[in-house]
Amino acid sequence: MTAFDPDVYSGRRNRAARLLQDRGLGGLVIGTGAEFAFLTGSWASSHERLTALVIAPDGAAVVAPVTDIQSLGLEGAADVEVLGWRDGDNPYQLVAERLGEGTIGVGSSLTADHVFALQGLLPRTELASDAVAELFMVKDAEEIAQLERAGAAIDRVHERAAELLRPGRTERDVAEELHQLILDEHDTVEFVIVGSGPNGSNPHHDFSDRVLEPGDPVVVDLGGALPSGYQSDCTRTHVVGEPAQAPKEFLQAYEVLQQAFQAACNAARPGMTAGDLDAVARNVIEQGGYGEYFTHRLGHGIGLSGHEQPFIIAGSDVELREGMVFSIEPGIYKPGEWGMRIEDIVRMTADGVVTLNHTRRALGGGDA
């Protein structure tokens, strides 16, 4: 069953075809995964065999092994011709024959073996996410509605997180409960990060058997996927017990972090570049004396993938546009001591960003 009516997917493929014509491109070749699901509604996989959606200016087709055709689940693309191939055939030739002249956009999920085989038959290729970037980066109304639902779902999980952070419990104890709470609100768990004390200084720590102690800062970053495939992602920082029990420098740095987060939210406008938005938050943290401890980009797009374009990163000239949905997540990480991050998913409107997450950003924690 697809997440949306077939006409939604048909409209997306038609938009892709128009973008190809506008840019003089010869077509798109999209492998299975999030981009394929965006355009067809199907999360099918054919393992190492090539399955690809081919969109040319004059139409679309799916090239797939005959062993998998019956399980493709193309209800969202019932009007698309399916071209089957058998082991021993050359599926790349089938793809090339359907494409027009000019540069071909290649989907990000295609593995190197497929890409090299296609490049041997095609004059020029580039990433589809670059060739027709706005097709994937600018969300339609159906996607925004799903991402709003995902934001509300992860908020309900975060509302329970502080009460789980009690002295004597381990990060693993907390993570296991959060895992179940995510499943109560989502179809799948994408990740659970519970980073206490020095573990919080690793932005991609997951969880361990470290025992929580009073005054420990704790980074809690959670994400799940709805049945539609659209994902949530939100981070809050807590203190075990009362915030006043946390290290003094941590408390000072957290004030800087809140200022950086709010400055980025206030500054975001259509037309500015992703690099300029990253600089807004980074400058606040640098002026606060913690610039060397902000070690990652400010944010990333989200949709059927947890991390996708636009990437809100230093030096990026990607123009932010109305309808984009991405994270704003400044962080400060002092190695071996503590870490902190505030992350909301935001939607770009004509007037600025609207957050999709609404749980408290002030420091909180469980009872001591």
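The protein chain has the name Peptidase M24 in an unreviewed UniProt entry, where Corynebacterium ureicelerivorans is given as its organism.

(A) View of the overall build of the protein chain. A count of helical and extended segments in the protein chain gives 10 helices and 16 strands. Projected onto its principal axes, the C-alpha positions of the protein chain cover 65 × 40 × 35 Å. Here the protein chain, with 368 residues, has 56% of them falling under the buried criterion. Accessible surface computed for the protein chain: about 15,200 Å², of which carbon and sulfur atoms make up 47%. The centroid of the 28 positive side-chain charges in the protein chain is displaced by 2 Å from the centroid of its 56 negative side-chain charges.

(B) Here's a closer look at the pattern of salt bridges. Counted under the stated rule, the structure contains 19 salt bridges. The shortest N-O distance in the salt bridge between Asp209 and Arg172 comes to 2.7 Å. With Asp209 in the loop between strand 7 (188-196) and strand 8 (217-225) and Arg172 in helix 8 (residues 171-185), this residue pair connects regions lying 37 residues apart in the sequence. Put simply, Arg236 and Asp344 hold a salt bridge, and the shortest N to O gap is 2.8 Å. Of this pair, Arg236 sits in strand 9 (residues 234-239) while Asp344 sits in strand 15 (residues 344-349), placing them 108 residues apart in sequence. Summarising the burial analysis for this pair, Arg236 and Asp344 share the class buried.

(C) Representation of the UniProt feature "domain: Peptidase M24" (unreviewed entry) in the protein chain within the structure. Look at the UniProt record and you will see "domain: Peptidase M24" (unreviewed entry) annotated at residues 146-349. Counted over residues 146-349, helix gives 33% and strand 25%. Its end C-alpha atoms are 17 Å apart.

(D) How the structure looks around the side chain of His158. Tracing the backbone through its elements, the reader meets His158 in helix 7 (residues 141-164). For His158, a relative accessible area of 4% corresponds to the buried category. Once residues within four sequence positions are removed from consideration, His158 is found in contact with Val220, Leu222, Cys234, Thr235, Arg236 and Thr359.

(E) Broad picture of the sheet that holds strand 8. Here 3 strands make up an open sheet; going across it, the order is 7-8-9 and the pairing antiparallel. This sheet does not close on itself; its edge strands, each paired only once, are strand 7 and strand 9. Averaged over all pairs of adjacent strands, the angle between their axes in this sheet comes to 15 degrees, without regard to strand direction. Sheet topology note: the strand 8/strand 9 ladder contains 6 bridges and is antiparallel. Bridge pairing in strand 9 places Val218 opposite His238. The sheet strands contacting helix 8 are strand 7 and strand 8, and the helix crosses strand 7 at an angle near 150 degrees.

Reading the values: rules and limits
- Residues numbered from 1 in each chain as written.
- Predicted model: local features only at pLDDT ≥ 70, side-chain atom pairs only at ≥ 80, totals over all residues.
- Heavy atoms only, no water.
- Helix = DSSP H or I, 4+ residues; strand = E, 2+ residues; numbered from the N terminus.
- Buried < 20%, exposed > 50% of the residue type's maximum accessible area, 1.4 Å probe, protein only.
- Areas by Shrake-Rupley, 256 points an atom, 1.4 Å probe, with all protein chains shown as cover.
- Lys, Arg positive; Asp, Glu negative; His and termini not counted.
- Charge placed at Lys NZ, Arg CZ, Asp CG, Glu CD.
- Salt bridge = Lys/Arg side-chain N within 4 Å of Asp/Glu carboxyl O.
- UniProt positions renumbered as here; feature names shortened; annotations may be inferred.
- Contact = heavy atoms within 4.5 Å.
- Pairing = 2+ DSSP bridges.
- Axes fitted to C-alpha atoms, helices over the stretch in contact; angles between N-to-C directions.

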